[in-house]
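Now for the letters of each chain:
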Amino acid sequence: MKKFNVAVVGASGNVGREMLNILEELDFPVATVYAVASSRSAGTVVEFKGGDLIVQDLATFDFSKVDIGLFSPGGSVSAKYAPIAVKAGCVVVDNTSHFRMDPDVPLVVPEVNPEAIGGYTNKGIIANPNCSTIQMVMALKPIHDAATITRVVVSTYQAVSGAGKEAMDELFEQSRSTFGTGKVVPPNKFSKEIAFNVIPQIDSFLDNGYTKEEMKMVNETKKIVDPAIRVTATTVRVPVFNGHAESVTIETKDKITPAQARTLLENFDGVEVVDDPATLSYTTPREAAGKNATFISRIREDESVENGLNMWVVSDNLRKGAALNAVQIAQTLIKDHLKN
Ligand code: 3JM
């Protein structure tokens, strides 16, 4: 089997480290893996397959030796370096929001719209959707295909890991502080105290009163699943280290029962239905963390409308929400386009 040279850009971040884990776990056909990051992290060491990779400086890294770049370095960095990597002959799978809504850049969840990957030839870039979008469209797609979703109302409960390692430290230190370490830990990565609190703001506010994170869910869902679906979102940061949860309410054109939805979801690749009130079976972020599936629970009829369902959708935001989805895109790219 052909092997590929892969660069993980942003290798020392939460998502980059998970990309290295997943390349290993999925037995991705790598020849050489390069760990790349900003000069701040250059020279540090990350682990891959039991060995050490020395992190190389993005500013001077030569992408001509790389086939596939898995990028998660932050939006402005991808904006600058993804085109440089493409020019050197590399296909880039980018995890930032920067290229997602570019009509010439495919936005892909491999179980949902793998056919879109072919559009990588336009710019050499494939975008990985936002973490909250990915797990939601995993739940929407099989139901949309069967009953045509017309409207989605989603509220999220998002873990701090999506905001980076320093955000995880902020939750940890503020939690300790609450129990009397005496150390004051003022908000830094978040706009308010995150320990023992919930914050109804992720990313910055826009003129329409929504946050950028909310509009990512709206616009990306339309691009990936169907532009006709109307979506409204409220995205909320909660004091959970890892694993995003979502309350998703949908309306459909055709009637679909919870039992029918459950069967469709059970048969959809990458989804696990955990849903039995009698045995208190439902998934929480702690149970989803470290796993690859999108877990769906609490599937029930929305009794306030004609054709509606409610469900609870949970996934590891660093895995399916970011690194796993990016590596799956690269796998699909190889299978369908780069094999020979
Ligand atoms: C998730 O460049 C940055 O500030 C990164 C911001 C960010 C994003 C984004 O907009 O790319 C942090 C966490 C995302 C995302 O997936 O949209």
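We now turn to the structure provided with this report. In this text, all values refer to a predicted model and were calculated from it rather than measured experimentally.

Focus: the overall build of the protein
Part 1: The secondary structure content of the protein amounts to 9 helices and 14 strands.
Part 2: Compactness check: the protein gives a C-alpha radius of gyration of 20 Å against a globular reference of 20 Å for 340 residues, within 12% of the reference.
Part 3: Projected onto its principal axes, the C-alpha coordinates of the protein cover approximately 60 × 60 × 45 Å.
Part 4: Here the protein, with 340 residues, has 52% of them falling under the buried criterion.
Part 5: Put simply, of all contacts in the protein between residues at least 6 apart along the chain, 67% involve residues at least 24 apart.
Part 6: Summed over all atoms, the accessible surface of the protein reaches about 15,000 Å², with 49% contributed by carbon and sulfur.
Part 7: Looking at the protein, you have 34 positive and 41 negative side-chain charges, and the mean spots of the two groups are 4 Å apart.

Remarks on the packing of aromatic side chains
Part 1: Counting across every chain of the model gives 5 aromatic pairs.
Part 2: Note on Tyr157 and Trp312: the rings are 5.4 Å apart at their centroids and 65° apart in plane angle, and the pair reads as edge-to-face. With Tyr157 in strand β9 (residues 149–157) and Trp312 in strand β14 (residues 308–315), this pair connects stretches of sequence that are 155 residues apart.
Part 3: Take Tyr157: its relative accessible area is 35%, and that puts it in the partly exposed class.
Part 4: According to the relative accessible area criterion, Trp312 is partly exposed, its value standing at 21%.
Part 5: Cluster of aromatic residues (ring-pair linked, three or more members): Tyr34, Phe61, Phe63 and Phe71.

Regarding the site of the ligand
Part 1: Around the ligand, the surrounding shell consists of Gly74, Gly75, Asn95, Thr96, Ser97, Arg100, Asn130, Gly162 and Lys216.
Part 2: Ser97 places a polar side-chain atom, nitrogen or oxygen, 2.6 Å from an oxygen atom of the ligand.
Part 3: Between an oxygen atom of the ligand and a side-chain N or O atom of Lys216, the distance comes to 2.8 Å.
Part 4: For the ligand, the accessible surface in isolation is 390 Å², of which the surrounding protein chains cover 62%.

Here we look at the pairing of strand β7 (residues 91–94)
Look at any regular strand and the pattern is simple: side chains alternate between the two faces of the sheet.
Part 1: Taking every second residue as pointing to the same face, both faces of β7 are buried, with Val91 and Val93 on one and Val92 and Asp94 on the other.
Part 2: Where strand β6 (residues 68–71) and β7 come together, 4 bridges link them in parallel fashion. Residue pairing across strands places Ile68 opposite Val91, the latter belonging to β7.
Part 3: Each parallel crossover has a hand, and the one from β6 via helix α2 (residues 75–87) to β7 is right-handed.
Part 4: As defined by bridge partners, β7 adjoins strand β8 (residues 125–127) across 3 bridges and the pair is classed as parallel. Its bridge partner lying in β8, Asp94 is registered against Ala127.

Overview of the environment of Ala85
Part 1: Here Ala85 is to be found in helix α2.
Part 2: On the basis of relative accessible area, Ala85 is assigned to the buried category, the value being 0%.
Part 3: Other than its neighbours up to four places away in sequence, Ala85 contacts Phe63, Phe71, Cys90 and Val92.

Section: unusual backbone geometry
Part 1: At Asp27, a residue that is not glycine, the phi angle is positive and equals roughly 55°.
Part 2: Its identity is not glycine, yet Leu280 carries a phi of approximately 55°, on the positive side.
Part 3: Within the secondary structure, Leu280 is located in the loop between β12 (271–273) and α8 (285–288).

Observations regarding the nonpolar core
Part 1: In this structure, Phe63, Ile143, Val152, Val248, Ile250 and Met311 are the most contacted members of the largest nonpolar core, which totals 53 residues.
Part 2: No other element matches helix α4 (residues 131–147), which puts 8 residues into this core.
Part 3: When we break this core down by domain, the ones giving at least three residues each are domain 1 (4–128 + 322–338) and domain 2 (132–317).
Part 4: Among residues more than four places away in sequence, those in contact with Ile143 are Thr148, Ile149, Ile250, Thr252, Ile256, Ala261, Leu264, Leu265, Leu309 and Met311.
Part 5: Counting residues in each nonpolar core, the second largest holds 37 residues, with Val8, Ala322, Ile329 and Leu333 among its members.

Here we look at the packing of α4 against helix α6 (residues 212–224)
Part 1: Between α4 and α6, whose axes approach to 9 Å, the crossing angle comes to 40°. In terms of axis orientation, α4 runs oblique to α6. Here the hand of the crossing between α4 and α6 comes out right-handed. Contacts from Cys131, Ser132, Thr133, Met136, Val137 and Leu140 of α4 reach α6 at Glu213, Lys216, Met217, Glu220, Thr221 and Ile224.

Rules and cut-offs
- Residues numbered from 1 in each chain as written.
- Predicted model: local features only at pLDDT ≥ 70, side-chain atom pairs only at ≥ 80, totals over all residues.
- Heavy atoms only, no water.
- Helix = DSSP H or I, 4+ residues; strand = E, 2+ residues; numbered from the N terminus.
- Rg over C-alpha atoms; globule rule 2.2 N^0.38 Å.
- Buried < 20%, exposed > 50% of the residue type's maximum accessible area, 1.4 Å probe, protein only.
- Contact = heavy atoms within 4.5 Å.
- Areas by Shrake-Rupley, 256 points an atom, 1.4 Å probe, with all protein chains shown as cover.
- Lys, Arg positive; Asp, Glu negative; His and termini not counted.
- Charge placed at Lys NZ, Arg CZ, Asp CG, Glu CD.
- Phe/Tyr/Trp six-rings, centres within 6.5 Å; stacked < 30°, edge-to-face > 60°.
- Near = heavy atom within 4 Å.
- Polar contact = N/O pair within 3.5 Å; in protein donor to acceptor, adjacent residues only side chain to side chain.
- Pairing = 2+ DSSP bridges.
- Right-handed = clockwise from strand over helix to strand, strands pointing away.
- Core = buried A, V, L, I, M, F, W, Y, C linked by side-chain atoms within 4.5 Å.
- Domains from an automatic or database assignment.
- Axes fitted to C-alpha atoms, helices over the stretch in contact; angles between N-to-C directions.
- Parallel < 35°, antiparallel > 145°, perpendicular 65-115°, else oblique.
- Left-handed = near helix turned anticlockwise from the far one by under 90°.

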